[in-house]
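# Geometric and topological summary
Chain residues, written in single-letter form:
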Amino acid sequence: MFAIFSPQAAMEGKSTPMTRGQRTPGLDTHAFGDRRLLEAIFGAAEEAILATTTRGIISACNTAAERLLGLKAAAALGLHISSIFPSDDTNGVQAAIDRVASGGKTEICETWVKASDGRLVECRLVRALIRDDEGDAAGVLHIAHDLTPRRASEKRIDDARKYLNDVLDHIPDPIFMKDREHRWIGGNLAFWDLLGGSPEKFIGKSDYEFFPQAEADHFWAIDDRVFKGETITTEEFLTDHKGDRHVLSTKKAAFSNEMEGRFLVGVIHDITHLKNTEDHLRKYVRKLEQSNQDLDDAAAMASHDLKEPLRGLVYQAAFLKEDYAGKIDAAGVERLDRMMALAERMDRLIDDLLYFSQLAHAEMAMTPTDMNEVVREIQAMMATQLADCNGRIIVPAPLPETVCDRQKVTEVFRNLIANGIRYNDKPERNVEIGFFENRETPQGPRKDVYYVKDNGVGIDPAHHHDVFGLFRRIRRANDGSNGARGTGMGLTFVKKIIERGGGSIWLDSAPGEGTTFYFTLCA
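This structure is a prediction, so every number in the text was calculated from the model and none was measured.

### A short note on the packing of aromatic side chains
Summed over the entire model, instances satisfying the criterion amount to 19 aromatic pairs. Here the aromatic cluster, defined as three or more aromatic residues joined through ring pairs, consists of Phe176, Trp184, Phe191, Trp192, Phe202, Phe210, Phe211 and Phe219. The residue whose ring lies beneath arginine 245 is phenylalanine 237, and the NZ or CZ to ring-centre distance is 4.1 Å. Here arginine 439 stacks its cationic end above the ring of phenylalanine 436, 4.6 Å away from the centre of that ring.

Right, here's the structure in full:
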């Protein structure tokens with residue numbers, strides 16, 4: 001179990017084991033109780049226990065001490081205890097034994113113990129006095145607790161803490177921790193940069209030592225709510241060490257652990273630049289709205305002021321034709337007719353320009369719309385025109401219901417159908433309207449794609465982009481339009497309406513092969 005040697009024998013270099021019933025100073029059965037109890041305690045103890053005489057000679061050694069030292073008790077007994085310390089400082093170790101023996105006060109220290117293989121083991125060492133029956137110093141008890149597992153645990157904790165700190169320091173957003181008394185207990189580099197100093201300047205201190213009272217009051221009040229269990233994200237102001245005021249979006253939550261107890265963690269996102277940008281953007285939006293309003297007012301005024309003389313020109317030309325009938329030859333009448341047609345065309349251009357300016361910011365009235373009804377209404381409106389040119393509108397399959405601005409989408413279909421009929425040199429002018437749930441395009445796959453396909457004159461690929469520009473009418477010597485003249489803004493309206501609703505439009509066409517317009521009505 002363990003070996004106990006007589007102090008006298010140890011001093012004489014003998015190693016005769018004590019037998020049951022023998023008495024040894026400091027290890028008397030009367031002092032410690034029954035010998036079996038003493039053996040059980042020594043054997044079961046996890047700490048290494050060595051007993052020495054007052055002269056430092058090892059007189060007892062338990063199993064845990066054997067494991068720690070890497071040698072059997074028989075080899076340790078009779079040695080001076082200084083032999084197991086790496087410095088072999090006999091005088092220093094003996095001085096510690098003398099202090100305990102003379103004063104009776106227990107000493108605790110951390111030191112190194114040398115195992116038999118030369119290995120050094122860090123231990124927490126307790127030295128306590130052993131008294132004999134008369135109360136005199138009989139020896140010293142040395143209890144060594146191996147600190148190796150603890151140091152390994154501490155290293156793992158330190159490594160984990162260092163790793164966590166490294167991770168936090170690489171996060172650009174400031175992060176901080178506070179204890180229950182609202183004092184900072186930690187933070188990352190971004191946080192200390194925001195406060196403008198090293199951690200030592202702030203650790204253990206509160207907001208009131210660095211910020212204006214109103215800001216500190218706000219921080220304190222929010223922190224109190226967080227410590228009561230709320231998780232809060234709030235916008236708040238912080239004045240830094242330079243006097244610059246920041247707008248912060250801060251999320252705070254409380255946590256608990258055995259080391260810090262209840263503590264608060266805050267994650268800050270500095271939104272000062274974002275707020276400044278928003279302020280500038282609001283100013284620009286207000287200016288833009290005012291500019292748009294001024295443009296609308298100017299367009300309305302211009303429309304009125306330009307249309308008035310145009311109407312006068314038409315009236316005067318009509319009066320000339322009527323009042324001087326028979327006095328103006330055929331060439332003069334033709335010129336007057338041409339003047340009236342040009343004035344009326346200018347009147348339409350002004351109306352289209354005014355409408356285009358309104359399209360840019362008109363509200364879209366989005367409602368579920370039956371596209372089949374839309375096509376039927378257009379068919380009815382264009383019945384005479386279709387009959388005159390042998391035109392047909394074909395819908396191969398029912399169209400799905402779509403959420404859109406019905407009036408605006410009707411205009412989209414009407415313009416595309418009218419173009420397909422107008423620019424067409426075929427004996428039978430056909431316009432097909434259909435829908436694809438999925439469609440591959442040069443820009444990638446698209447969903448919910450409508451198309452309007454005609455068998456007309458087609459458009460050269462070099463002009464595909466131009467057809468959507470203002471007043472861009474791609475003419476050919478024989479385009480099948482029979483001299484029909486528009487303002488050149490129909491496709492511009494179509495593109496603007498579709499894009500206002502979040503959709504897009506593109507086309508596939510070649511001269512003589514007809515044109516197919518594809519479009520979506522939402523993003």
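### Observations concerning the side chain of glutamine 94
Its place among the elements puts glutamine 94 in helix 6 (residues 90-103). With relative accessibility at 16%, the residue glutamine 94 sits in the buried group. For glutamine 94, the contacting residues outside a window of four places in its chain are Thr54, Arg55, Gly56 and His80.

### Section: the layout of surface pockets
If you add up the space inside the second largest pocket, you get close to 580 Å³. In this structure, the second largest pocket is lined by 21 residues; those nearest its centre are Arg161, Leu164, Asn165, Met177 and Glu260. At the level of secondary structure, the elements contributing two or more residues to the lining of the second largest pocket comprise helix 7 (148-169), strand 7 (175-179), strand 8 (184-187) and strand 11 (261-270). Considering each element in turn, the lining of the second largest pocket owes the most residues, seven residues, to helix 7.

### Details of the environment of isoleucine 459
Within the secondary structure, isoleucine 459 is located in the loop between strand 16 (444-454) and helix 16 (490-500). A relative accessible area of 13% places isoleucine 459 in the buried class.

### With respect to the environment of phenylalanine 219
Here phenylalanine 219 is to be found in helix 10 (residues 213-227). You can call phenylalanine 219 buried: its relative accessible area is 5%. Linking phenylalanine 219 and leucine 238, residues 19 residues apart in sequence, is a C-alpha distance of 9.5 Å. Aside from chain neighbours lying at most four places away, what touches phenylalanine 219 is Lys178, Asp207, Phe211, Glu236, Phe237, Leu238 and Lys252.

### Quick look at the nonpolar core
Core analysis: the biggest nonpolar cluster contains 33 residues, and Met371, Phe413, Leu416, Ile417, Ile433, Val452 and Phe519 have the highest contact counts within it. At the level of secondary structure, the elements contributing two or more residues to this core comprise helix 13 (371-381), helix 15 (406-422), strand 15 (429-441), strand 16, helix 16, strand 17 (505-509) and strand 18 (515-519). With seven residues, the single largest contributor to this core is helix 15. Among residues more than four places away in sequence, those in contact with leucine 416 are Val452, Leu491, Val494, Phe517 and Phe519. In terms of nonpolar packing, the next biggest core, distinct from the first, is built from 24 residues, Ala65, Ala76, Ile97 and Leu125 among them.

### Some thoughts on the side chain of serine 509
Note that serine 509 resides in strand 17. Looking at serine 509, the relative accessible area reads 6%, which means it is buried. A distance of 2.7 Å separates a polar side-chain atom of serine 509 from the backbone nitrogen of isoleucine 459. A polar side-chain atom of serine 509 sits 2.9 Å from the main-chain carbonyl oxygen of glycine 514. Those residues within four positions of serine 509 in sequence are excluded, and the remaining contacts are Gly458, Ile459, Pro461, His464, Gly514 and Thr515.

### What about the sheet that holds strand 18?
As summarised here, the arrangement of the five strands in space is 13-15-16-18-17, forming an open sheet in which the pairing is mixed. Across the chains shown, the open sheet's two edge strands, defined by having one partner strand only, are strand 13 (391-394) and strand 17. Between one strand and the next, the sheet's axes are offset by a mean angle of 25 degrees, whatever the strand orientation. Where strand 15 lies against strand 16, 10 bridges are found, and the strand directions are antiparallel. Among the inter-strand pairings, phenylalanine 436 is bridged to a residue of strand 16, identified as valine 449. Its contacts with the sheet put helix 15 on strand 13, strand 15, strand 16 and strand 18, and the angle it makes with strand 15 is roughly 125 degrees.

Reading the values: rules and limits
- Residues numbered from 1 in each chain as written.
- Predicted model: local features only at pLDDT ≥ 70, side-chain atom pairs only at ≥ 80, totals over all residues.
- Heavy atoms only, no water.
- Phe/Tyr/Trp six-rings, centres within 6.5 Å; stacked < 30°, edge-to-face > 60°.
- Lys NZ or Arg CZ within 6 Å of the ring centre and 35° of its normal.
- Helix = DSSP H or I, 4+ residues; strand = E, 2+ residues; numbered from the N terminus.
- Buried < 20%, exposed > 50% of the residue type's maximum accessible area, 1.4 Å probe, protein only.
- Contact = heavy atoms within 4.5 Å.
- 1 Å grid on protein atoms, 1.4 Å probe; cavity = no way out; pocket = protein on both sides within 12 Å on 5 of 7 lines; lining within 4 Å.
- Points joined across faces, edges and corners; volume = space filled by probe spheres on them.
- Core = buried A, V, L, I, M, F, W, Y, C linked by side-chain atoms within 4.5 Å.
- Polar contact = N/O pair within 3.5 Å; in protein donor to acceptor, adjacent residues only side chain to side chain.
- Pairing = 2+ DSSP bridges.
- Axes fitted to C-alpha atoms, helices over the stretch in contact; angles between N-to-C directions.

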